[in-house]
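One letter stands for each residue in the lines below.
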Amino acid sequence: MINLWRQLTKRFSKRQRRSPEEIADLFRFKYSHFKDLLQSNTDLAQIIADITERLQGHDVFGMGYVRAKATMAMSHAARMVRALNALSFHRYAALEDALERIQNHIREDLEAESQKAARCPDLVIPLERVHRGMVDWVGGKSANLGEVAGRVGLKVPAGFAVTTRAFELFMDQGDLRDWIRKHKTETDMTSPAAVQEFSETVQHLILRTPVPREIQEALEAAFYEMETKAGQDLGPGRSLRVAMRSSAIGEDSDLSFAGQYVSVLNVEPDRLAETYRVIVASLYTPRAVSYRYQKGIRDEDTAMGVTVLAMIESVAAGVAYSMDPLRPDPNELLISGIWGLGPYAVEGVVTPDMVRVSKKPGFPILEKTVSVKPVQLVLNPDGGLREIPVPEADRARLCLEDDAVRRLAEAVTRLEKHFGGPQDVEWAVDGEGEVYILQSRPLQILRTSPSDATTEPTAEGDEPGLICRGGAVAVPGVGCGPVHVVRKDDDLADFPQGGVLAAAHSSPSYVVVMGRAAAIVTEAGSVTGHMASVAREFGVPTLLGVPRALAALKRGMTVTVDASRRRIYEGCRQELMEESAARKPFMKGTPVYETLRRVAAWIVPLHLVDPKDASFRPEGCRSLHDVMRFAHEMSYHEMFRLSDSVADGEGWAVKVEARLPIDLYVIDLGGGLVPEAAHRSRVCLDELACAPLRALLDGMTHEALQEEGPRPVNLRGFFSVMTEQMLSPPRMGAERFGDKSYAIISDKYMNFSSRVGYHYSIVDSYCGRDPHKNYVTFSFMGGAADEIRRNRRVRAIGRILEAMDFRVDVVGDRVTARLQKYPCEKTAEHLEKLGRLLQFTRQLDMFMDSERSVEELARRFLEERYSLTAEPPA
């Protein structure tokens, strides 16, 4: 009677039920916002990672970069807050206030910088006076080349930079700028046809706009000064020809803009102004307009500079990479080249020769691949370029002599060292054998994902002392110290000064020792995750996703972590430490760097580290990173609550017909079932397309856990359970759950809730290609035994989950656990083991009759000894 009264009271206390269609729409609504939140979390994490890298001071950037990144960061944070409040029916209104406060600080700093920004005083600047601090005046290409010539000391063609002041002067004529702004707001930037029409109209307008007289005079004066200096080298009767190359704000920096703008070679003196106008118009080609739109770059933050260089009548030209982007190896570089001028190499018209070179002293050549090069580009005496055949004897001959290869390799290595990262370098060799650098920009190398990383023991031919290699670079640099293995937060208490933190996975809680850490190595983690961002703030060399690292790194052994090259050596490698220390942060101290530093203070720092801390609330958010962390954490809780809505879902959920230990129904949000099963009321296992649910069920149906009969009964435990049920007063929340289990699913998402007997478990998971989005959250509670046995049971489950790399919390008879940021395959492996665990722990209450049973049952599961035919020792 008492149980019946409880059920009746519970049923009639519920609010009016929604229809099955309304509930399905509610689930889809929440899942849609959850996906938006996860995507913006990933994008904002990447922005934070990029900003913290720029704060190292090794990469060129301008105010356009600062404004674009700040604007995108605010946009993604706002999207996360909107999504969280949609998920929770506006439960976190205070987070909107915190976000607005932080955004106002960012806008104030950007506005203050706009008001005090120094305007470039010149229309043109000789290249020998240009350096990286002038990037907002001359654009990325000119700034880098000026740095190469003036500070690296490599040979660069004579030239000058046409500044952004000239661009402003050109664009301020009439109503040109206002007309472009007005028509852009009226254009659907997602429509290729609309972008094409807008671009053609703008370019036509620019090409009809006259070049101001001041710009024409400045171009002519700078050109004739160059020609006078080069007079004796030109020879009798010959005039100087130049290359005019785009140098837009942002170009040749973190955003390459490769191929988006125009460059013109072999320009005659009387066509300088006309060519300048053509290059300015290329700012509005359809591909350039679309590129800026997709990257979130405003027109107001874009300006076109132009690099003007004396033409080099190259015998050979091409591109060199200080690291092969397809086979990244920090000890090798790659040179490609063709006969004649370089455009045919970068445009892919002629297959280039390839030379792989070691960076060891003397630059030994490792490999040569010679292609057949039938044609080449040369200068046309009347202007422009022309194609001629390559002499038959040279077509299958390497275009570079070994001596030139080594000199070029040395130059490329110097550029990499100066700029502090891999470089993409355009080069040319003239008839005298001189090597010229025409361009140097950051080389975009995809970070190695943890799933692709390798850890290998030293093998014959490997570097002496090498014990690990692979992983993903979260923070470049070199650190040396004793290994300190961290398996749980308690291990941080005795972390030594200058130690190397080694752990199974990344965690923001490691911030407590980052001030003492020489380096960090983990077997799993995301380079855009919270811990990686904090590590960048501290400047701790960090290498993530190194499989089996803990097997190679033993507590107390001294190692050198070369995070930049993704290598770990036994002992202290002093030469690597010195090399790392020699890198100079060239951007530090410049006005644009100081602006980024001030703005980043409202974006990058992470103060909300521990969700259990009292400050982990909206009012505690002091940066966009805090807002992101809070919204991301709370979104898990909101999705977890979905399981509370699926009870009594029979009649609209889909029954899974299979030999399962549970009675399972699924609710498909879209993509969770194969198309053929979309409208059926019953499905089989093969018709489930949900990756996390398939993995979980694989574990629950594992053959080693399929018992033919009931489990053996521990009589002492059995009578304890029965006594508890008959004699103890009712416990809050201890009612017997229904025997149906439900899973809300899509192709990558699952919210699984299982109420069997007196036990209640929830598994919430996302499992897709992006490791940064992937997670598994697990909760288990309840039981029919007394409080002591229920607590032992969840502690045994907690031990197992900790061994599986979950972050675990046990309170009373409830265990909760979280695992995140593993690759899809690893996430699925953990879900499969979790499925086994759910099956293994059924009816364990009666076995939990001593403290020894906690460790014994955990050990049995981890050793895959699932049979309980013999009672655990008391």
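Just so we're clear, the structure is a prediction, and the values are computed from it rather than from any experiment.

Observations concerning the overall build of the protein
Part 1 of the argument: Helices and strands together make up the secondary structure of the protein, namely 26 helices and 30 strands.
Part 2 of the argument: Counting all 874 residues of the protein, 55% fall into the buried class.
Part 3 of the argument: Long-range pairs, those at least 24 residues apart, make up 65% of the contacts in the protein between residues at least 6 apart in sequence.
Part 4 of the argument: On the protein, roughly 38,300 Å² of surface is accessible, and the fraction owed to carbon and sulfur atoms is 51%.

Regarding the environment of Gly 499
Part 1 of the argument: Locating Gly 499 in the fold gives a position in strand β17 (residues 499-505).
Part 2 of the argument: In this structure, the C-alpha to C-alpha distance between Gly 499 and Ala 517, residues 18 residues apart in sequence, is 5.1 Å.
Part 3 of the argument: Excluding residues within four positions of it along the chain, Gly 499 makes contact with Pro 482, Arg 516, Ala 517, Ala 518 and Ala 519.

Regarding the sheet that holds strand β5 (residues 304-310)
Part 1 of the argument: One open sheet holds the five strands; their spatial order is β1-β2-β5-β3-β4, and the pairing between them is antiparallel. Of all strands in the sheet, those with a lone pairing partner are β1 (124-126) and β4 (263-267), marking the two edges. Direction aside, neighbouring strands of the sheet carry axes that sit 20° apart on average.
Part 2 of the argument: As paired strands, strand β3 (residues 242-248) and β5 are joined by seven bridges and run antiparallel to one another. Counterpart to Met 244 in the pairing with β5 is Val 308.
Part 3 of the argument: Set on the sheet, helix α10 (residues 213-229) makes contact with β1, β2 (159-162), β3 and β5; between it and β2 the angle comes to about 165°.

Considering the packing of aromatic side chains
Part 1 of the argument: Within this structure, the stated rule accounts for 11 aromatic pairs.
Part 2 of the argument: Taken together, a centroid distance of 6.4 Å and an interplanar angle of 80° make the contact between Phe 170 and Tyr 276 edge-to-face. Placement of Phe 170 in helix α7 (residues 164-171) and of Tyr 276 in helix α12 (residues 272-281) is noted, with a sequence separation of 106 residues between them.
Part 3 of the argument: In this structure Tyr 276 comes out as buried when scored by relative accessible area, which is 0%.

With respect to the confidence of the model for the protein
Part 1 of the argument: Confidence in the prediction of the protein, expressed as mean pLDDT, is 82, and 83% of residues score 70 or more.
Part 2 of the argument: Within the model, the stretch residues 708-738 combines pLDDT values under 50 with 52 contacts to residues more than four positions away or in other chains.

Points about the pairing of β2
Part 1 of the argument: Where burial is concerned, the two faces of β2 agree: the one with Gly 159 and Ala 161 and the one with Phe 160 and Val 162 are both buried.
Part 2 of the argument: Summarising the sheet, β1 and β2 pair through three bridges and their orientation is antiparallel. Looking at β2, one finds that Val 124 is bridged to Val 162.

Focus on the pattern of salt bridges
Part 1 of the argument: The final tally for this structure, using the stated rule, is 49 salt bridges.
Part 2 of the argument: Where Asp 324 meets Arg 356, a salt bridge forms, and the shortest distance between an N and an O atom there is 3.0 Å. Placement of Asp 324 in the loop between β6 (316-321) and β7 (332-339) and of Arg 356 in strand β8 (residues 353-358) is noted, with a sequence separation of 32 residues between them. For the pair shown, Asp 324 and Arg 356 are each scored as buried.
Part 3 of the argument: Here Lys 373 and Asp 353 are joined by a salt bridge, their closest N and O atoms 2.9 Å apart. Placement of Lys 373 in the loop between β9 (365-369) and β10 (375-379) and of Asp 353 in strand β8 is noted, with a sequence separation of 20 residues between them.
Part 4 of the argument: Asp 353 gets classed as buried once you look at its relative accessible area, which sits at 1%.
Part 5 of the argument: Salt bridges sharing common partners tie together Glu 856, Arg 859, Arg 860, Glu 863 and Arg 865.

Re helix α22 (residues 691-700)
Part 1 of the argument: Extensive coverage of α22 is indicated by the burial of seven of its 10 residues.
Part 2 of the argument: Inspection of α22 places Pro 692, Leu 693, Ala 695, Leu 696, Leu 697, Gly 699 and Met 700 among the buried residues, and these make up the whole buried set.

Some words on the nonpolar core
Part 1 of the argument: Counting residues in each nonpolar core, the largest one holds 48 residues, and the members touching the most others are Val 666, Leu 693, Phe 752, Val 763 and Leu 801.
Part 2 of the argument: Ranked by size, the runner-up nonpolar core spans 45 residues in total, among them Ile 47, Ile 51, Ile 102 and Leu 608.

So, unusual backbone geometry
Phi is mostly negative for residues that are not glycine, and the peptide bonds are mostly trans.
Part 1 of the argument: In this structure, Phe 89 takes a positive phi of about 55° despite not being glycine.
Part 2 of the argument: Here Phe 89 lies in the loop between α3 (63-88) and α4 (93-116).
Part 3 of the argument: Not every positive phi belongs to a glycine, and Glu 864 is a case in point at roughly 60°.

As for the packing of α3 against helix α20 (residues 591-600)
Part 1 of the argument: At a minimum axis distance of 9 Å, the contact between α3 and α20 shows a crossing angle of 15°. In terms of orientation, α3 lies roughly parallel with respect to α20. Pair α3 / α20 crosses with right-handed handedness. Residues Met 63, Tyr 65, Val 66 and Ala 70 of α3 pack against Val 592, Thr 595, Leu 596 and Val 599 of α20.
Part 2 of the argument: Looking at the contact of α3 with α20 residue by residue, the classes come out as seven nonpolar, one polar and no charged.

Some thoughts on the side chain of Ser 635
Part 1 of the argument: Mapped onto the elements of the fold, Ser 635 is located in helix α21 (residues 624-640).
Part 2 of the argument: When residues no more than four places from it in sequence are discounted, the contact partners of Ser 635 are Phe 34, Leu 37, Leu 84 and Leu 87.

Looking at the side chain of Arg 241
Part 1 of the argument: Among the secondary structure elements, Arg 241 is positioned in the loop between α11 (231-234) and β3.
Part 2 of the argument: Here Arg 241 falls in the buried class, since its relative accessible area comes to 16%.
Part 3 of the argument: When residues no more than four places from it in sequence are discounted, the contact partners of Arg 241 are Asn 266, Val 267, Glu 268, Leu 309, Ala 310, Met 311, Asn 380, Pro 381, Asp 382 and Gly 383.

Concerning the sheet that holds strand β13 (residues 435-442)
Part 1 of the argument: Strand order in the open sheet formed by six strands is β9-β8-β7-β6-β12-β13, with antiparallel pairing between adjacent strands. Looking along the sheet, the strands with just one partner apiece sit at the ends: β9 and β13. Averaged over all pairs of adjacent strands, the angle between strand axes in this sheet comes to 20°, irrespective of strand direction.
Part 2 of the argument: Lying on the sheet, helix α15 (residues 402-419) is in contact with β6, β7, β8, β9, β12 (423-429) and β13; it crosses β13 at an angle near 35°.

Description of the packing of helix α6 (residues 140-152) against α15
Part 1 of the argument: With their axes 12 Å apart at the nearest point, α6 and α15 run at an angle of 105° to one another. One element, α6, and the other, α15, form an angle in the roughly perpendicular class. Between α6, through Asn 144, Glu 147, Val 148, Arg 151 and Val 152, and α15, the contact on the second element is made entirely by Arg 414, Leu 415, His 418 and Phe 419.
Part 2 of the argument: Partitioning the contact of α6 with α15 into residue classes produces four nonpolar, two polar and three charged.

With respect to the environment of Glu 313
Part 1 of the argument: Checked against the element boundaries, Glu 313 lands in the loop between β5 and β6.
Part 2 of the argument: For Glu 313, a relative accessible area of 46% gives the class partly exposed.

Some words on the environment of Ala 474
Part 1 of the argument: Summarising the element assignment, Ala 474 is placed in strand β15 (residues 472-475).
Part 2 of the argument: Considered as a pair, Ala 474 and Arg 536 are 62 residues apart in the sequence and their alpha carbons are 7.6 Å apart.

Criteria and thresholds
Each chain has its residues counted from 1, following the order in which its sequence is written. Only residues with pLDDT of at least 70 get local features here, since the model is predicted, and only at 80 or more are side-chain atom pairs given and counted; chain-wide, interface and lining totals rely on the full set of residues. To obtain the side-chain values, all non-hydrogen atoms of the structure were included, while hydrogens and water were left out. In this description a helix means any DSSP run of H or I spanning at least four residues, a strand means any run of E spanning at least two, and both kinds are numbered starting from the N terminus. Relative accessibility decides the category of a residue: with a 1.4 Å probe and only protein chains considered, values under 20% of the type maximum give buried, values over 50% give exposed, and everything between is partly exposed. Working rule for contacts: check all heavy atoms of both residues, and any pair within 4.5 Å makes them a contact. Areas reported here follow the Shrake-Rupley algorithm with a probe of radius 1.4 Å; residue values treat only the protein chains shown as occluding. Strands are labelled as partners when DSSP assigns at least two bridges between them. Between the N-to-C directions of two axes lies an angle of 0 to 180 degrees, each axis being a line fitted to C-alpha atoms and, for a helix, fitted only over the stretch in contact. Only rings of Phe, Tyr and Trp enter the pairing, Trp through its six-membered ring, and a pair is recorded when the two centres are within 6.5 Å. The plane angle decides the type: under 30 degrees is stacked, over 60 is edge-to-face, the rest tilted. Confidence per residue, as judged by the predictor, is encoded in pLDDT with a range of 0 to 100. For this document, the term salt bridge refers to a Lys or Arg side-chain nitrogen within 4 Å of an Asp or Glu carboxyl oxygen. By convention a nonpolar core is built from buried Ala, Val, Leu, Ile, Met, Phe, Trp, Tyr and Cys residues, the set being connected through side-chain atoms within 4.5 Å. Our angle categories are set so that under 35 degrees counts as roughly parallel, over 145 as roughly antiparallel, 65 to 115 as roughly perpendicular, and the remainder as oblique. Note on convention: the crossing is left-handed when the near helix lies turned anticlockwise from the far helix by less than a right angle, right-handed when the turn is clockwise. Charged residues are taken to be Asp, Glu, Lys and Arg, nonpolar residues to be Ala, Val, Leu, Ile, Met, Phe, Trp, Tyr, Cys and Pro, and polar residues to be all remaining types, Gly included.

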